[in-house]
Amino acid sequence: MSTSAPRQRDRVRTLVAEAAEPIDAQAVASALGVHVTTARFHLNNLVSEGAAETVTMAPEGVGRPRVGYRMVVAPPIDELFLMLIARIGATPEVREHLAAEAGREWAARHAAEAVTIAEEPGVPDPVVVVETILTRLGFRITDVMSAFGRHEIHLCGCPLQEISDELPEVARGVVRGIVEQSLAAALPLLGTAYTVTVAPDTAAGDCELQLGLTKVAASSH
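Bear in mind the structure is a predicted one, so any value in this text is a computation, not a measurement. (Residues numbered from 1 in each chain as written. Predicted model: local features only at pLDDT ≥ 70, side-chain atom pairs only at ≥ 80, totals over all residues. Heavy atoms only, no water.)

For a negative patch on the surface, give the residues involved together with the corresponding values.
A cluster of like negative charges, contributed by Asp78, Glu162, Asp165 and Glu166, occupies part of the molecular surface. Ranked by the residues each element gives to the negative patch, the list is headed by helix H8 (residues 161-166), at three residues. Here Glu166 lies in helix H8. Judged by its relative accessible area of 56%, Glu166 is exposed. (Patch = residues over 30% accessible without salt bridge, like charges linked within 9 Å, V, L, I, M, F, W, Y side chains within 5 Å. Areas by Shrake-Rupley, 256 points an atom, 1.4 Å probe, with all protein chains shown as cover. Salt bridge = Lys/Arg side-chain N within 4 Å of Asp/Glu carboxyl O. Lys, Arg positive; Asp, Glu negative; His and termini not counted. Charge placed at Lys NZ, Arg CZ, Asp CG, Glu CD. Helix = DSSP H or I, 4+ residues; strand = E, 2+ residues; numbered from the N terminus. Buried < 20%, exposed > 50% of the residue type's maximum accessible area, 1.4 Å probe, protein only.)

Account for the pairing of strand S3 (residues 66-71), with residues named and values stated.
Here strand S1 (residues 23-24) pairs with S3 via two bridges, running antiparallel. What sits directly across from Asp24, in S3, is Gly68. Bridging between strand S2 (residues 52-57) and S3 involves six bridges; their strand directions are antiparallel. Residue pairing in the sheet places Val55 in a bridge with Gly68 of S3. (Pairing = 2+ DSSP bridges.)

Residue-level account of the pattern of salt bridges, with values.
Here the structure, examined in full by the defined rule, presents 11 salt bridges. Put simply, Glu105 and Arg109 hold a salt bridge, and the shortest N to O gap is 3.4 Å. Within this pair, Glu105 and its partner Arg109 are both found in helix H5 (residues 92-109), separated by four residues, close to a single helical turn. Residue class for Glu105 comes out partly exposed when judged on its relative accessible area of 47%. We classify Arg109 as exposed; its relative accessible area is 63%. The partner of Arg176 in a salt bridge is Glu180, with the nearest N and O atoms 3.4 Å apart. Of this pair, Arg176 and Glu180 both sit in helix H9 (residues 168-186), four residues apart, which is roughly one turn of the helix. On the basis of relative accessibility, which here comes to 22%, the residue Glu180 falls in the partly exposed class. Salt bridges here are not isolated pairs; linked through shared partners, they connect Asp24, Glu60 and Arg66.

Provide a residue-level description of the side chain of Glu169, including the pertinent values.
Following the sequence through the fold, Glu169 ends up in helix H9. Not counting residues up to four positions away in its chain, the partners in contact with Glu169 are Pro92, Arg95 and Glu96. (Contact = heavy atoms within 4.5 Å.)

Tell me about the packing of helix H7 (residues 126-136) against H9, and please be specific about residues and values.
Each pair of packed helices can be summarised by the angle the axes make with each other and by the distance between the axes. As a packed pair, H7 and H9 sit with axes 9 Å apart at the nearest point and diverge in direction by 120°. Between H7 and H9, the angle is such that the two are oblique. Note on packing geometry: the crossing formed by H7 with H9 is right-handed. Judged by residue contacts, Pro126, Val129, Val130, Ile133 and Leu134 of H7 engage Ile178, Val179, Ser182, Leu183 and Ala186 from H9. Residue composition of the contact of H7 with H9, by class: nine nonpolar, one polar and no charged. (Axes fitted to C-alpha atoms, helices over the stretch in contact; angles between N-to-C directions. Parallel < 35°, antiparallel > 145°, perpendicular 65-115°, else oblique. Left-handed = near helix turned anticlockwise from the far one by under 90°. Nonpolar A, V, L, I, M, F, W, Y, C, P; charged D, E, K, R; others polar.)

Quick look at the structure:
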């Protein structure tokens, strides 16, 4: 059985895919040394398969416009990534919980700086600990306010912007997990001393998050 047709079709596919701009049947025929009818046959099959599309090209000199072919752009892989993330939990609450676990694991792999801070005498500054790990992971701190045992950190969530737009609860969970892990890694006491909350900072823009560290009240006995 002859296998020349499939090989020829693949050569046509490769030629169209590697072309910087749409290419017509005549150019394909010349490049591959085949008859223009053969080139057009394979090009039209690519269109039928949904792998390529036709476009109108200017004529060469005087004459009718030419039919050009180009490959169809594949959908962004981010779309699949978001669909997979959406399946990690049946509800936003479950997704946020699971995302926080992932955030803790992510921070644990990159929290060397926070651990170093903990080796200094005294209790490390929780804001410095959090700023260190968040910056290392690609976040940008835009503002910090501290008063009466509460710290409010505003940050750009750009590393998670694609996720935040579609699944904000996942972005919140990841950041919360990062912060909880970094505090515990710096000093176990810090991990239990603060309640961590994360919310969108709608007044500052789509990618801004507001992180709150609220000191846990001491238990009275």
